[in-house]
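Structure at a glance
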Amino acid sequence: MAGTVTSRLSAKAVVRAKPVSEPRAVKWLLIGIAFVFLALIVLLPLLTVFIEGMKRGWDVYISALTDPDAVSALKLTLLVAVIAVPLNAVFGVAAAWLVTKFSFRGKNLLVTLIDLPFSVSPVIAGFIFLLLFGAQGYLGPWLDEHNLQIVFATPGIVLATMFVTFPFVARELIPLMQAQGTQEEEAAATLGAKGLRIFWNVTLPNIKWALLYGIVLCNARAMGEFGAVSVVSGHIRGETNTLPLHVEILYNEYQFSASFAVASLLMMLALVTLGAKSLVEWKTAQRNKETLEG
Amino acid sequence: MKGSRTRSILPGFGLSMGITVFYLCIIVLIPLSCVLLKTAELSWGEFWSTVTAPRVMASYRISLLTSLAAAVINVVFGFIVAWVLVRYSFPGRKFLDSLVDLPFALPTAVAGIALTAIYAPNGWVGKWLEPLGIKVAFTPLGITIALIFIGLPFIVRTVQPVLEDLDAEVEEAAVMLGAGRWRTILRIVLPELTPALLTGFALAFARGIGEYGSVVFISGNMPMRTEITPLLIMTKLESFELEQATAIALVLLVISFAMLLLINYIQWRAGRRALSR
């Protein structure tokens, strides 16, 4: 299921024979429609963030980013990503290995369950951890007894983020590993290689770029998650505020420039993610070329 | 069949199965099942009166209608974008291709404040629409625009690969048999793309119903008028009405799962069609 943007290389457009192509006028009209639509819906918001952030000048921009609350929000966001992303990456690799290298009963069900978080509202994603670990939740009294706090604290934010970004790495790897089949690994196993060695020397070189993109995408979503984190964070300034929540607080306090300044940081994260995607596509194209030539 | 899997000489079945199932249970299944458990504490009457209260019904209507409108618009324009990207070469094609991914990589809250700044009555686009009597921000139209932004990559990225894999020979054959270009697209290309378009539609629709971050800023959040269901759950949580929030969350989950099943069914049918050739 195409829940994510796959790192599949978009093939170069081919010049087609006249009878199976459109008249020039239609072609340029369609290209025009595509450009205007994307400009209005996607490009304009992108530019707005930078322009609004810079509106009051460089000083306001810098002071918004060096504000102690902003810095602590950035630290928390990084901390959450550092915990959630590697765990999801390990899961993603394990799940992709399981799904693509073996056939077993219930595989389709398992794949559907892995995709499940895609279709759950982020608000519900946060809410379920409130139901489990909150004061009125199922484990609430026990946690209280042992003086453990999960929701309205960092662990809750990490859990909600993990839920939301759960399928990303697996989703990038499964189509690729499915296409590559199992022959190479089986050959390695026949020659006597053991589990980890097969993975390191045979599988990993084949999937490293898709894995990298999966991790980068997972990271972007982890750092940018808003709805789920909003439910479990408790919005304590300087303590349980992540960057997206900080953007919201500034915006609701009518500090628009500061809000857009912080938002521009997150926008750059998104642009880096898109850059990583281009890099992965380029590397994949090179690899395919080498395989064809070699 | 006796064993639950065919034998493979590859190692790691137990380990990867263990990690996957354990992790899936801890992060996804156990927490999600809490919604069911908690709702079961309500009597049927309480549940029903909660999920059919006028304000809640209004929120379903707004969520469903705006998601539907956004998904339909995305199917039309997403198809054009995918078509242009696959079939034509023109300057700026790579740039256009990258733009499509932005909604996927951009934090939803950032999209939300940016769209509000653009479409608010004093915003870049909003101030031109205001004299024409078109209000975008703080109306269902604004919610729809936010959901178009969110859903766009789902349509384009599901249609694109299918369009790329379409053999030129089929279209050439249609031309040989005397079909015009328009007729070829309508009768040959579109039927091939229908499963991908439907899947993209369902994905965008499902995502739209649950979307929160990009919508809360632009919607204005007026009960009965621009309050979407996820926001209503949030409001109930903030006023400590946990039972009510759970009941509404269950309804939203059921809708999402129905969409997920629909998507799997469409793909299964498309896969069977491809196999039968």
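Residues numbered from 1 in each chain as written. Chains lettered and ligands numbered in written order. Predicted model: local features only at pLDDT ≥ 70, side-chain atom pairs only at ≥ 80, totals over all residues. Heavy atoms only, no water.

Description of the overall build of chain B
If you tally the helices and strands in chain B, you get twelve helices and zero strands. Beginning at the N terminus, the succession of helices and strands in chain B can be written as α-α-α-α-α-α-α-α-α-α-α-α. Each principal axis of the C-alpha distribution contributes one length, and for chain B these read about 70 × 65 × 30 Å. Every one of the 277 residues in chain B was classed for burial, and the buried ones make up 56%. Partitioning the intrachain contacts of chain B with sequence separation of at least 6 by distance along the chain shows that 74% fall at a separation of at least 24. Computing the positive centroid from 22 side-chain charges and the negative centroid from 17, chain B places the two 5 Å apart. (Helix = DSSP H or I, 4+ residues; strand = E, 2+ residues; numbered from the N terminus. Buried < 20%, exposed > 50% of the residue type's maximum accessible area, 1.4 Å probe, protein only. Contact = heavy atoms within 4.5 Å. Lys, Arg positive; Asp, Glu negative; His and termini not counted. Charge placed at Lys NZ, Arg CZ, Asp CG, Glu CD.)

Observations regarding the overall build of chain A
Helix and strand counts for chain A come out as 13 helices and zero strands. Seen through its C-alpha atoms, chain A measures out along the principal axes to roughly 60 × 60 × 30 Å. The proportion of buried residues among the 294 residues of chain A is 56%. Residue pairs at least 24 apart in sequence account for 74% of intrachain contacts in chain A once pairs closer than 6 positions are excluded.

Considering unusual backbone geometry
Located in the positive-phi region is tyrosine 254 of chain A, a residue other than glycine, with phi close to 60°. With respect to the helices and strands, the residue tyrosine 254 of chain A is situated in the loop between helix H12 (243–252) and helix H13 (256–293). Positive phi values are uncommon outside glycine, yet phenylalanine 138 of chain B reaches one of about 65°. Mapped onto the fold, phenylalanine 138 of chain B is located in the loop between helix H6 (126–129) and helix H7 (140–165).

So, empty space enclosed by the protein
Considering all chains together, one arrives at five cavities of 30 Å³ or more under this definition. Taken as a whole, the largest cavity holds about 400 Å³ of empty space. Considering the residues around the largest cavity, the lining is formed by 33 residues, among which Pro117, Phe118, Val164 and Arg221 of chain A together with Arg207 of chain B are closest to the centre. Elements with a contribution of two residues or more to the lining of the largest cavity: helix H5 (122–133), helix H7 (154–165) and helix H10 (195–224) of chain A together with helix H4 (93–105), helix H9 (181–210) and helix H12 (242–275) of chain B. Counting residues per element, the lining of the largest cavity draws most heavily on H9 of chain B, which supplies four residues. (1 Å grid on protein atoms, 1.4 Å probe; cavity = no way out; pocket = protein on both sides within 12 Å on 5 of 7 lines; lining within 4 Å. Points joined across faces, edges and corners; volume = space filled by probe spheres on them.)

Side note on the nonpolar core
With 195 residues, the main nonpolar core has Phe163 and Leu173 of chain A together with Val84 of chain B as its most contacted residues. Contacts of phenylalanine 163 of chain A, omitting those with residues within four sequence positions, involve Pro117, Val120, Ala125, Ile128 and Phe129 of chain A together with Ile27, Val28 and Leu32 of chain B. (Core = buried A, V, L, I, M, F, W, Y, C linked by side-chain atoms within 4.5 Å.)

Quick notes on the pattern of salt bridges
Tallied over the entire structure, the rule returns 14 salt bridges over all chains. As a salt-bridge pair, arginine 181 of chain B and glutamate 22 of chain A come within 2.8 Å of each other at their nearest N and O atoms. In this pair, arginine 181 of chain B sits in helix H9 while glutamate 22 of chain A sits in the segment before helix H1 (24–54), so the two residues belong to two different chains. In this structure glutamate 22 of chain A comes out as buried when scored by relative accessible area, which is 12%. Arginine 157 of chain B is the salt-bridge partner of aspartate 97 of chain B, the closest N and O atoms lying 3.1 Å from each other. Placement of the pair is aspartate 97 of chain B in helix H4 and arginine 157 of chain B in helix H7, with a sequence separation of 60 residues. Each member of the pair, aspartate 97 of chain B as well as arginine 157 of chain B, carries the same accessibility label: buried. Several salt bridges converge on common partners, so that one network encompasses Lys277 and Glu281 of chain A together with Lys94, Asp97, Asp101 and Arg157 of chain B. (Salt bridge = Lys/Arg side-chain N within 4 Å of Asp/Glu carboxyl O.)

Some words on the interface of chain A and chain B
Listed by partner, the interface residues are 105 residues for chain A and 110 residues for chain B. The contact between chain A and chain B buries some 9,600 Å² in all, and 76% of this surface belongs to carbon and sulfur atoms. Across the chain A-chain B interface, the total number found is three salt bridges. Taking the shortest distance from any N to any O, the salt bridge between aspartate 101 of chain B and lysine 277 of chain A comes out at 2.6 Å. Linking chain A with chain B are twelve residue pairs in polar contact (both at pLDDT 80 or more). In terms of residues, the side of chain A that touches chain B owes the most to one element, H1 of chain A, which gives 20 residues. (Buried area = accessible area lost by both parts, 1.4 Å probe. Polar contact = N/O pair within 3.5 Å; in protein donor to acceptor, adjacent residues only side chain to side chain.)

Observations regarding the side chain of asparagine 74 of chain B
For asparagine 74 of chain B, the position within the fold is in helix H3 (residues 54–87). Residue classification places asparagine 74 of chain B among the buried positions, given a relative accessible area of 0%. Among residues more than four places away in sequence, those in contact with asparagine 74 of chain B are Phe37 of chain A together with Phe79, Leu147, Ile148, Gly151, Leu152 and Ile155 of chain B.

Remarks on the confidence of the model for chain A
Confidence in the prediction of chain A, expressed as mean pLDDT, is 88, and 94% of residues score 70 or more. Every residue in residues 1–10 of chain A scores below 50 in pLDDT, and together they form 43 contacts with partners more than four places removed in sequence or on other chains. (pLDDT = per-residue confidence, 0-100.)

With respect to helix H2 (residues 44–51) of chain B
Here H2 of chain B has its buried residues at Phe47, Thr50 and Val51 of chain B. Taken down its axis, H2 of chain B places every buried residue within 85° of arc, on the same side. (Arc of directions from axis to C-beta.)

Side note on the side chain of lysine 236 of chain B
Within the secondary structure layout, lysine 236 of chain B lies in helix H11 (residues 229–238). Buried lysine 236 of chain B, no salt bridge; nearest opposite-charge side chain is glutamate 241 of chain B, N-O distance 4.1 Å.

Some details on the confidence of the model for chain B
Residues and elements named next belong to chain B. Looking at chain B, pLDDT values average 89 and 97% of them are 70 or higher. H3 holds the highest mean pLDDT among the elements of chain B, 95, whereas helix H8 (residues 168–176) holds the lowest, 81. Interface predicted TM-score (ipTM) for the complex: 0.89; the corresponding pTM is 0.90.

Some points on the packing of aromatic side chains
All names here are of chain B. The full count for this structure, using the stated rule, is 25 aromatic pairs over all chains. Ring centres of tryptophan 44 and tryptophan 48 lie 5.8 Å apart, and the angle between their planes is 20°; on these two criteria the pair is classed as stacked. Remark: tryptophan 48 and tryptophan 44 occur in helix H2; sequence separation between them is four residues, near one turn of the helix. Looking at tryptophan 44, the relative accessible area reads 61%, which means it is exposed. Residue tryptophan 48 is classed as partly exposed on the basis of its relative accessible area of 47%. Ring centres of phenylalanine 201 and phenylalanine 205 lie 6.0 Å apart, and the angle between their planes is 5°; on these two criteria the pair is classed as stacked. Placement of both phenylalanine 201 and phenylalanine 205 in helix H9 is noted, with a separation of four residues, approximately one turn of the helix. (Phe/Tyr/Trp six-rings, centres within 6.5 Å; stacked < 30°, edge-to-face > 60°.)

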